[in-house]
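For reference, the chains in residue letters:
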Amino acid sequence: MSAAQLYTKYTRVWIPDPDEVWRSAEIIKDYKEGDKSLHLKLEDETLYEYPVDLQGNELPFLRNPDILVGENDLTALSYLHEPAVLHNLKVRFLESNHIYTYCGIVLVAINPYEQLPIYEQDVIYAYNGQNMGDMDPHIFAVAEEAYKQMARDEKNQSIIVSGESGAGKTVSAKYAMRFFATVGGSSSETNIEAKVLASSPIMEAIGNAKTTRNDNSSRFGKYVQIGFDKRYHIIGANMRTYLLEKSRVVFQAENERNYHIFYQLCASASLPEFKDLGLTCAEDFFYASWGGDTSIDGVDDAVDFEKTRHAFSLLGVKEFHQMTIFRIIAAILHLGNLEIQAERDGDACSISREDKHLNNFCSLLGVEHSQMQHWLCHHKLVTTAETYVKNMSVQQVVNARNALAKHIYAQLFNWIVQHINKALHTTVKQCSFIGVLDIYGFETFEVNSFEQFCINYANEKLQQQFNSHVFKLEQEEYIKEGIPWTLIDFYDNQPCIDLIEAKLGILDLLDEECKVPKGTDQNWAQKLYDRHTGSQHFQKPRMSNTSFVVLHFADKVEYQSEGFLEKNRDTVYEEQINILKASKYQMVADLFRDEKDAAPTTSVGKGTSKISVRSARLAIKAANKEHKKTVGRQFRNSLHLLMETLNTTTPHYVRCIKPNDEKLPFKFDPKRAVQQLRACGVLETIRISAAGFPSRWSYHDFFNRYRVLMKKRDLSKNDKKQICQTLLEDLIKDPDKFQFGRTKIFFRAGQVAYLEKLRADKFRAATIMIQKTVRGWLRRVEYQRLRQAAIVIQRYTRGHLARRLAEHLRRTKAAIILQKQYRMLRILRAFQRVRNTTVTIQAFARGMFVRRIYRKVLAEHKATILQKYARGWLARTRFRQVRGATITLQCYYRCMKARQELKALKIEARSAQHLKKLNIGMENKVVQLQRKIDEQNKEYKLLNEQLSRFTSAHSSEVEKLKKELVQYQQSHQGDGNQLVSLQEETERLRLELEKAHGERKVVEDSYVKEKDLLRKRISDLEEENALLKQEKEELNSRILCQSEDEFARNTVEENTQMKKELEEERSRYQNLVKEYSRLEQRYDNLRDEITIIKQAPGHRRNPSNQSSLESDSNYPSISTSETGDTEDVVQQVEEVGMEKAAMDMTLFLKLQKRVRELEQERKKLQTQLEKKEQESKKSQVIETKTEVTSDHEDFAYNSLKRQELELENKKLKNELNELRKAIADRATQSNSSNDIQDSYNLLLNQLKSANEELEVWKEEVLILRMQIMKAAQQKETGKKMESITTSATWPNSDKHIDQEDAVEAYQGMCETNRLLETQLQDQRREHEEEVEALKNQVDVMKEEMEEQQQAFLQTLQLSPEAQVEFGLQQEITRLTNENLDFKELLEKLEKNEKKLKKQLKIYMKKVQDFEASQTVVPAERRWHKRNLQVAVQRKEKDFQGMLEYYKEDEPLLIRNLITDLKPQAVSATVPCLPAYILYMCIRHADYINDDQKVHSLLTSTINGIKKVLKKHNDDFQMTSFWLANTCRLLHCLKQYSGDAGFMTQNTPKQNEHCLKNFDLTEYRQVLSHLSIQIYQQLIKTAEGELQPMIVSAVLENESIQGLSGVKPMGYRNRSSSMADGDSSYGLDAIIRQLNTFHSIMCDQGLDPEIVQQVFKQLFYMINAVALNNLLLRKDVCSWSTGMQLRFNISQLEEWLHGKNLQQSGAAQILEPLIQAAQLLQLKKKTSEDAEAICSLCTSLTTQQIVKILNLYTPVNEFEERVTVSFIRDIQTHLQERNDPPQLLLDFKHMFPVLFPFNPSSITMDSIHIPASLNLEFLNKV
């Protein structure tokens, strides 16, 4: 295209400007070939004629269309040149506050000088996993690109961050490393990523300083390699440093500072540990105060020092080494303050021995004071013949001192870097690494020295690598698309590099001059002039012979040669170094060791990296000049090593720009920005891109954007590629301006702008046509509306006049009617008012008379009551007064008598006769005691005789009993007498019972009377209370009426706050559960890894479920019954021993009482069992026996006889107790201590009462047995008599009996007699066994008596106290033995009780079956055909809803029901079938009271579910299945727990299925925790499937066809990390996935409340991901995207409505996204629009609203951008909001889950177990 076509009227161009660099202007007249000037109009409306160079034909740069302004990528601009780049950066920085912009492969970062909220953790997660061109430019995007390419291509990466001081290089590198530390956190517990980040504070303290351009400027370069393992987790790091600015240690420019560590140490000098350093404030030290300013605004050096020390500790630097570091730094400060005194006219100098700074320096470094004092002022000259010591001048000493200070600091810096690398080193194999290069940018000052020369040399090398890489990428893109390419001419700076580093180059000549003994800077400069004057990159200044100029790629720089040689040599005197080597501190001496003396470093193991990484640290300096390489050579070698590393990696570039020199936030200086853009290579990237095809469009996007330029016949074709080719061939005639690739169209610079111009012209023409048509239509519509309005007005006017006349006539008639009705109504109301008044007066008068009479009666009644109570009170008062007076008189009288008697006794006690009487009494007592001893001896003999008599009497009694037994068998005459005695005893007991009833009735009558009085008093109080309540209610109603609104509002606020606190508490609790599950999962993973590592090839692997069973087996056991508790207590008493038992007899007696109670309960159960057995026997007797025998009377007699024997045994025991009592009485009589006697008697009484209770209990048992036997005999007798009477009334009884019938009856009688005879023999045998047992008991009693006699004899020989103690021990021993016997008996009885329970159940079942069979068999066939047996049908047992299994089948149950179960296997059955089956198994274990089985089953179930979920952690169906079953099992344990709160909805049948023995509350809590973990895993799985779809489906998918416009793309949309295939999703894909989730959860029976919470969480994730992406993407913030987004959200809301999920709150969760869509669609011009936006966007924060407005981009030129003033207006309106500071939503946030109780209506006995589950070993109960 010719210039005439481009430079037309209204076209905007850029012209140079001395202040703003470039200025915009508009052409007001078309340009024609040959015009000498271009007529322009500037932005301030001034006219300007721009001269045109006709020879060069240099026209001004064209300006891009407004639609392209503010692009994320500068390469997306149609016109690529310097003013376009500068303007785009300025617009993004000032108007949108975007500090990052892409420029091809370069990220341009502008320092905002303000902290921005764009580096939080949520922003890192937002960029993680995203393609580079999909999000807004960011340092995290570059880091993510490097991380993804490393993982995908398995190639090392580098991020090169460059820029001048103050541009933000260090911060950018720090954020890149933070991204890697967050995304690639270490898999082990070494926390290596924290150490990598911790190295930053240390390096900033020792390597950063304040300069005029930056408060935290890095004065060294560093390259940090972050190593990753095969799973791309950080395993270590390594740091290389380059060219530390050592001269800053001894010299700082004005308003600059030394390194931060000096000021930090001075600020902390007051700490106790730093007292020995001798430091004061920084102003007192020469090295720290040279620049004048020792502080930085907003920086606290003391706080930063604490951070530095913490970082040292985190990196493993010991406290001793830290103190040594601080001592060295303090020594450097003291070294700078040395006072040097001149001598001999300045040729010599000295330092005073009393110099405190010298003393501090020597003591801190541990060196010899005198030697250091001497060699600081002298130096040694060595010749071939001899050695001289020469004095130095003051200046030489100062230079030597400064050189020493710089050398010490440099060595310390290298030592710290070396130890940081050692702390970050790892022995794990490194698979790949990402390097972050933070290096100085191109520098040029008024005075440039050796440091600037090295910095610019390094930038030349980096620029060369950058140019080659950019060219390589362009070439790869063209080859990939199949476009023919020609060699692009780009700037090659190899000649400049050769000038510096080639043979006889600048550095080579500098090293050569350094070797010359008397070389000077002037000689070196002259050599440069002689050698390189003809070079195109070298110049000699006209006015100087000591400086030279180098033409670098960025600019030409003049260097002053003064100081080059000294800095390159870096000379330090050998004598001073030797003194430091001899330091008493090992660390100080190690700093200055020679390389040959240094210990060899440990080599890294094989395979640590693909690249051999060598340390770039400067070699440790030795003493003399010949020992080392020069600084320039060292720097060149390390730079070559760096370039080798970078060339083997894939580089990523970050160019930092400093917007102004004043460090003001968001101020843009175009001059400084252009200077840096030229220096950092951004414009070179633009130039390379512009030389080729910078604009690239996919065929689809080009078709959608420029379809308006196409013809209708072309649009009918199906091949979009062919359509695009046809269009471009028609519009652009020059075929060299575009190329067709495989997937894209490539354009030369300016062609897209030309197409945009054609598109705008087409739209402009269409707009004019539309406006013309619309305006004509509007005029016609307006005329028709006026004509129609005139006709309507006429019609309405005429109608109005007619209606007004009719209205007058109607109103006249109505007035008459109203007057008539009104008069009638007035008279009627007057009459009714008089009548109502009369009736009311009558009613009130009658009521008044009645109330007056009622009050009179009531007053009389109350007066009577008052009189009654008053008279009673007066009488009682009078009685109390009289009684009190009488008592007082009695007391005084008795006191008087007592005083008189006391006085007489005192007189008598003083007499001698009284003393004699006392002595006589004492003699009598002695005699009496002697007599008593004799009597006791006699009594002891009598007791022995009585014992022998008792023994003989007992034997005779036994013989007598035997004779009576024989007599009993011979005769039955004694029965009647015994029955009579028993009846008399019963009658006596009945009389006593009646007497007790009478007494009880009297007590009850008195109680009733008192109760009536209390009721009456309570009724009176209730009446008063009612009145008070009424008054209170009236007051409350008034208060409520006054403050109802305020109370309601406060209540709502309190409820909201309480709900919020509850949600937060639940969230914290579930986060803890989540964190616990995460830690448990991590523990399992680590344990698996350790198992794999330790496992040998031949070893057998442990079972997989072993660890889980062990880890989860610590659940609490289940308490079974109180019996177990009692047994435990008894066991404890036994274990404590005899001494403990003796100390606490009450506890022992309580235990005995508990044993008796349990024995009574057992007796009751045994009695019931005997009753059931007797009833069953009686039913059998009815069928078999037909006659009544008298042997039962014998059995009753024997039973009574046995009871008499037992009573006799009880008498013997009573006699034994009396004997014990006699012994005790004798012991107490012989004891003189009353307290011992009382305690002994008390203990004996307790023992006696215990024995008595035991005997009474036995007696009651015997009586109960007798009564049961008597009742059973009477019942059997009655039934047999009934059978006899019924048999006697047979219809054939009066008939003649033939002989056969008689024989048959005789045989039956014989069989009956034999049967009765056998029963009698059995009873006799049992009776004999009982007699034998009684004999044995008598023998045992005898043995006990003998033992007690022996003990008694032993006791008599002891002292009284010992006798008492011995007696106690004997009784305790006896009681302990009895207790053990009782315990054994109790255990036997418990076993017998369980056995009897089972028998009882069996017998009850038999009785029920028998009764059922009796009802089935007809009565008339009961006696038909006796010899014919009838088959009785048994009813089938009902299923009780319990499943029984053996203990060894439990693993099989878990495997078939949990581990190996597939959800499809039970899809056709009852939902949550495994949960029901597990509960039925638990119920059976509860039924049989087996706590171990319950514990084992529940533990195995929980572990099995965890194992399945761990195995299928990404399977939504499996996770949902086990969430449903776990919740159902939890609901079952609640529903059938027996708790009334959970049983409200149960049916009676379901209440039968409740647990009986165990309380599983703790297991319910464990299952609740497990449910939370499964829910979180379910959400995680669902989010993993949904998240990749969200951005594409919600934001990018074109749901409404043709609505969205396409904008030009930049280089970053062609990111190498993007997949080649099309991974776009539509909204239907999300809806299909949501349908799948919903159907799975509903089919598996998950509770509806949980389903709602799941979708609420998923919709929150959709909202958060979509909104975060919207906030970080400029290309989607447009009106069309808002329309698409609102349509997509409506589809999601419709889906929620269709699934009946409106109550879940998911629709409300989408409110921020809805408001964002509305914000994109609203007008954004006036203040009313701002108010509307503020009132509408309540769910969006202020930051989010402002961010969207800043990102808003018009799709075409007819839209307007959001102005800065409008955004400021929005911020003013929203400044009162208290919004959270974060910009993005936390898409990983999880709402707390609730599991509401949801009982099941299914009964356990109705559940069918399919055979496919292979659970045949389960037995139905």
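None of the values given here were measured: they were computed from a predicted structure.

Definitions and cut-offs
Residues numbered from 1 in each chain as written. Predicted model: local features only at pLDDT ≥ 70, side-chain atom pairs only at ≥ 80, totals over all residues. Heavy atoms only, no water. Helix = DSSP H or I, 4+ residues; strand = E, 2+ residues; numbered from the N terminus. Buried < 20%, exposed > 50% of the residue type's maximum accessible area, 1.4 Å probe, protein only. Contact = heavy atoms within 4.5 Å. Areas by Shrake-Rupley, 256 points an atom, 1.4 Å probe, with all protein chains shown as cover. pLDDT = per-residue confidence, 0-100. Patch = residues over 30% accessible without salt bridge, like charges linked within 9 Å, V, L, I, M, F, W, Y side chains within 5 Å. Salt bridge = Lys/Arg side-chain N within 4 Å of Asp/Glu carboxyl O. Lys, Arg positive; Asp, Glu negative; His and termini not counted. Charge placed at Lys NZ, Arg CZ, Asp CG, Glu CD. Phe/Tyr/Trp six-rings, centres within 6.5 Å; stacked < 30°, edge-to-face > 60°. Lys NZ or Arg CZ within 6 Å of the ring centre and 35° of its normal. Core = buried A, V, L, I, M, F, W, Y, C linked by side-chain atoms within 4.5 Å.

With respect to the overall build of the chain
Here's step 1: Each helix and strand in the chain was counted, giving 51 helices and 26 strands.
Here's step 2: Buried positions account for 43% of the 1821 residues belonging to the chain.
Here's step 3: The long-range fraction of contacts in the chain, counting pairs at least 24 apart against all pairs at least 6 apart in sequence, stands at 75%.
Here's step 4: Carbon and sulfur atoms make up 53% of the accessible area of the chain, which totals about 103,000 Å².

Section: the confidence of the model for the chain
Here's step 1: Mean pLDDT over the chain works out to 78, with 77% of the residues at or above the 70 mark.
Here's step 2: Element-level mean pLDDT values for the chain span from 36 in helix α30 (residues 1106–1111) up to 93 in helix α7 (residues 260–267).
Here's step 3: pLDDT under 50 marks residues 595–627. Its contacts with residues more than four places away, or in other chains, come to 48 contacts.
Here's step 4: Across residues 1415–1437, where pLDDT falls below 50, the model places 5 contacts with residues more than four positions away in sequence or in other chains.

Some remarks on a negative patch on the surface
Here's step 1: Residues E1332, D1339, E1343, E1344, E1346 and E1347 make up a contiguous surface patch of negative charge.
Here's step 2: Checked against the element boundaries, E1344 lands in helix α36 (residues 1299–1356).

Overview of the packing of aromatic side chains
Here's step 1: Considering all chains together, one arrives at 44 aromatic pairs under this definition.
Here's step 2: Seen in terms of ring centroids, F93 and F668 are 6.1 Å apart; in terms of plane orientation they differ by 50°. Their pairing is tilted. Linking F93 in helix α2 (residues 82–95) with F668 in the loop between β21 (650–657) and α22 (670–680), this pair joins segments that are 575 residues apart in sequence.
Here's step 3: On the basis of relative accessibility, which here comes to 0%, the residue F93 falls in the buried class.
Here's step 4: Aromatic ring contacts, followed pair by pair, group Y119, F140, Y147, Y175, F179, F180 and F228 into a single cluster.
Here's step 5: It is K540 that lies over the ring of Y529; its NZ or CZ is 5.1 Å from the centre.
Here's step 6: Geometry around Y125 places K1788 over its ring, the cationic atom sitting 3.8 Å from the centre.

A few points about the pattern of salt bridges
Here's step 1: Counted according to the given criterion, the structure contains 29 salt bridges.
Here's step 2: D215 is the partner of K663 in a salt bridge, and the nearest nitrogen-oxygen pair spans 2.8 Å. Remark: D215 occurs in the loop between β9 (208–209) and β10 (217–218) and K663 occurs in the loop between β21 and α22; sequence separation between them is 448 residues.
Here's step 3: Given the relative accessible area of 23%, K663 is considered partly exposed.
Here's step 4: A salt bridge links R257 to D301; the nearest nitrogen and oxygen atoms lie 3.4 Å apart. Pair noted here: R257 is in the loop between β12 (234–242) and α7 and D301 is in helix α9 (residues 301–314), with a separation of 44 residues, a long-range link. The same class applies to R257 as to D301, namely buried.

Some remarks on the environment of L107
Here's step 1: Structurally, L107 can be placed in strand β7 (residues 106–110).
Here's step 2: Residues L107 and V654, spaced 547 residues apart in sequence, show a C-alpha to C-alpha distance of 4.7 Å.
Here's step 3: Excluding residues that lie within four positions of it along the chain, L107 makes contacts with Y100, T101, Y102, P137, H138, I139, V142, Y653, V654 and R655.

Brief notes about the nonpolar core
Here's step 1: One finds F180, F262, F548, I1477, L1634 and F1655 to be the most contacted residues of the largest nonpolar core, which totals 329 residues.
Here's step 2: The element best represented in this core is helix α43 (residues 1561–1596), accounting for 17 residues.
Here's step 3: Those residues in contact with I1477, other than ones at most four positions away along the chain, are L1443, L1457, I1809, L1813, L1815 and L1818.
Here's step 4: F702, C724, F738 and V752 belong to the second-largest nonpolar core, a separate cluster that totals 18 residues.

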